[in-house]
Amino acid sequence: MQVVSKTFSAAERAYREIKERILTGDLPGGELVSENEMAGELGTSRTPVREAFLRLETEGWMRLYPKRGALVVPVPSHEADHVIHARYIVETGAVDALTRIARAGLIPRLRESLDRQRELADAGDLEEFAIADADFHREYVVSADNPLLIGFYDSLRERQRRMNSVALQRGETNPHRIIEQHTRLADLIEAADGTGFAEALAEHLTDVHGVTPRGL
């Protein structure tokens, strides 16, 4: 029983580490990774790495090629389009559904998030900034208090993180510009301006990811 537990633990650690590298862009889309190289980097045997690769292939993050390794699947253009469209619908719907009490409780959390984003941007910590970016948007989705919407939105979180990391690391956008846009979104939520928020969110998503939500 102990052997099984240790094997599972090693495989779980390998899975989490490799997936984190994919989400942060340390393992970029299109890169071919061998079991031997990854096992050496993680300080483990090939078996946990192989199990992690299989799991990541099932989730769509990797594509395995026997005797060659695992290809990190790039973010497909259609996936970015689908994620942005889904985010726009959920986020605008959540803001429209906010009650006065929920909005009053939300604003201080958004301001606190903005302060955290400024600290990370000034420190040049792009990986943590990408997480803080996703957390900022999630705050107002959670405040709408719809478990079904929250669950669906969270299912997009990992893909959001990867898209944010890729955009930031490529230098396609500036974290301080993102903070300016986030501040604008927070101001519009505080003013209960749903129409203005929807317009500002569409501009924000287009600016960061180069994808305009469908129908706009």
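The residue numbers shown here count from 1 along each chain, following its written sequence. Per-residue local features are limited, in this predicted model, to residues with pLDDT of at least 70; the limit for side-chain atom pairs, both in listing and counting, is 80 or more; totals at the level of whole chains, interfaces and linings are taken over all residues. Heavy atoms from the whole structure form the basis of all side-chain values; hydrogens and water molecules are not counted.

**Q** Please set out the nonpolar core residue by residue, giving values where relevant.
**A** In this text, buried Ala, Val, Leu, Ile, Met, Phe, Trp, Tyr and Cys residues form a nonpolar core when linked through side-chain atoms within 4.5 Å. Residue exposure (1.4 Å probe, protein chains only): buried if accessible area is under 20% of the type maximum, exposed if over 50%, otherwise partly exposed. Core analysis: the largest hydrophobic core is formed by 40 residues, its most contacted members being L110, Y140, I189 and F197. Counting 17 residues, the second-largest nonpolar core is a separate cluster that includes F53, L56, M62 and V72.

**Q** Report on the pairing of strand 3 (residues 69-72), specifying residues and quantitative values.
**A** With two bridges joining them, strand 1 (residues 32-33) and strand 3 adopt antiparallel strand pairing. Bridge pairing in strand 3 links L32 to L71. Being paired, for any two strands, means DSSP has found at least two bridges between them. Under the DSSP-based scheme used, a helix requires at least four consecutive residues in state H or I and a strand at least two consecutive residues in state E, with every element numbered from the N terminus. Note that strand 2 (residues 62-65) and strand 3 share four bridges and pair antiparallel. Among the inter-strand pairings, L64 is bridged to a residue of strand 3, identified as A70. Linking two consecutive strands that pair antiparallel, namely strand 2 and strand 3, is a turn of three residues; a positive phi of about 70° is found at K67 within it.

**Q** Please provide a residue-by-residue account of the packing of aromatic side chains, values included.
**A** To pair, rings of Phe, Tyr and Trp, with the six-membered ring standing in for Trp, must have centres within 6.5 Å; the planes then decide the type, stacked if under 30 degrees apart, edge-to-face if over 60, and tilted in the middle. Evaluation of the coordinates by the stated rule reveals two aromatic pairs. Note on geometry: a ring has a charge over it if NZ (lysine) or CZ (arginine) is within 6 Å of the ring centre and within 35 degrees of the ring normal. A cation over an aromatic ring shows up here: R68 above the ring of Y65, its NZ or CZ 5.4 Å from the ring centre. Taking the ring centre of W61 as reference, the NZ or CZ of R159 above it sits at 4.8 Å.

**Q** Tell me about the packing of helix 2 (residues 35-42) against helix 3 (residues 46-58), and name the residues and values.
**A** Note on geometry: axes are lines fitted to C-alpha atoms, helical ones only across the stretch in contact, with angles between N-to-C directions running from 0 to 180 degrees. Where helix 2 meets helix 3, the closest approach of the two axes is 9 Å, and the angle between their N-to-C directions is 115°. Put simply, helix 2 runs roughly perpendicular to helix 3. Of the two elements, helix 2 crosses helix 3, and the hand of that crossing is right-handed. For the pair helix 2 and helix 3, contact is made by E35, N36, M38, A39 and L42 and by R46, V49, R50 and F53, respectively. All residues other than Ala, Val, Leu, Ile, Met, Phe, Trp, Tyr, Cys, Pro, Asp, Glu, Lys and Arg, Gly among them, are scored as polar; the first ten of these are nonpolar and the last four charged. Residue classes in the contact of helix 2 with helix 3 are distributed as five nonpolar, one polar and three charged. Each angle gets one of four labels, with under 35 degrees taken as roughly parallel, over 145 as roughly antiparallel, 65 to 115 as roughly perpendicular, and the rest as oblique. We call a crossing left-handed when the near helix sits turned anticlockwise from the far one by less than a right angle, and right-handed when that turn is clockwise. Two residues qualify as a contact provided that any one of their heavy atoms is within 4.5 Å of a heavy atom in the partner residue.

**Q** Can you lay out the sheet that holds strand 1 for me, pointing to particular residues and giving the numbers?
**A** In spatial order, the strands read 1-3-2; together these three strands make up an open sheet with antiparallel pairing. Looking at strand neighbours, the two that pair on one side only are strand 1 and strand 2, the edges of this open sheet.

**Q** For the pattern of salt bridges, give the residues involved together with the corresponding values.
**A** Side chains that differ in charge, positive against negative, can pair when their charged atoms come close. For salt bridges, the criterion is a side-chain nitrogen of Lys or Arg within 4 Å of an Asp or Glu carboxyl oxygen. Per the counting criterion, the structure on display carries 18 salt bridges. Here R46 ties to E35 by a salt bridge, and the two come within 3.2 Å at their closest N and O atoms. One end of the pair, R46, is in helix 3; the other, E35, is in helix 2, with eleven residues separating them in the sequence.

**Q** How would you summarise the environment of P147 if you had to cite specific residues and measurements?
**A** One can find P147 in helix 7 (residues 147-155). Each C-alpha atom, one on P147 and one on R111, is 24 Å from the other, the two residues being 36 residues apart in sequence.

**Q** Tell me about a negative patch on the surface, and name the residues and values.
**A** Residues forming no salt bridge and having over 30% relative accessible area are the ones grouped into patches, like charges within 9 Å of each other and nonpolar side chains (Val, Leu, Ile, Met, Phe, Trp, Tyr) within 5 Å. In short, Shrake-Rupley with a 1.4 Å probe defines the accessible areas, and a residue's cover is counted only from the protein chains shown. In summary, the charge assignment counts Lys and Arg as positive and Asp and Glu as negative, without counting His or the chain termini. Charged side chains are reduced to one point each, which is NZ for Lys, CZ for Arg, CG for Asp and CD for Glu. On the surface, D26, D125, E127 and E128 cluster together into a patch of negative charge. Its location among the elements puts D125 in the loop between helix 5 (100-123) and helix 6 (126-143). According to the relative accessible area criterion, D125 is partly exposed, its value standing at 30%.

**Q** Please provide a residue-by-residue account of unusual backbone geometry, values included.
**A** At K67, a position not held by glycine, the phi torsion is positive, near 70°. With respect to the element layout, K67 can be found in the loop between strand 2 and strand 3. Here K67 falls in the exposed class, since its relative accessible area comes to 91%. Of note in the backbone geometry, D145 takes a positive phi value of approximately 60° without being a glycine. Examined against the element boundaries, D145 turns out to sit in the loop between helix 6 and helix 7. A relative accessible area of 61% means that D145 is categorised as exposed.

**Q** Tell me what's going on with the side chain of H209, and back it up with residues and numbers.
**A** If you trace the backbone, H209 turns up in helix 10 (residues 194-209). A residue is classified by how much of its surface remains accessible, and H209, at 17% relative accessible area, is buried. Among all residues touching H209, those that are not within four sequence positions of it are I84, R87, M163 and N164.

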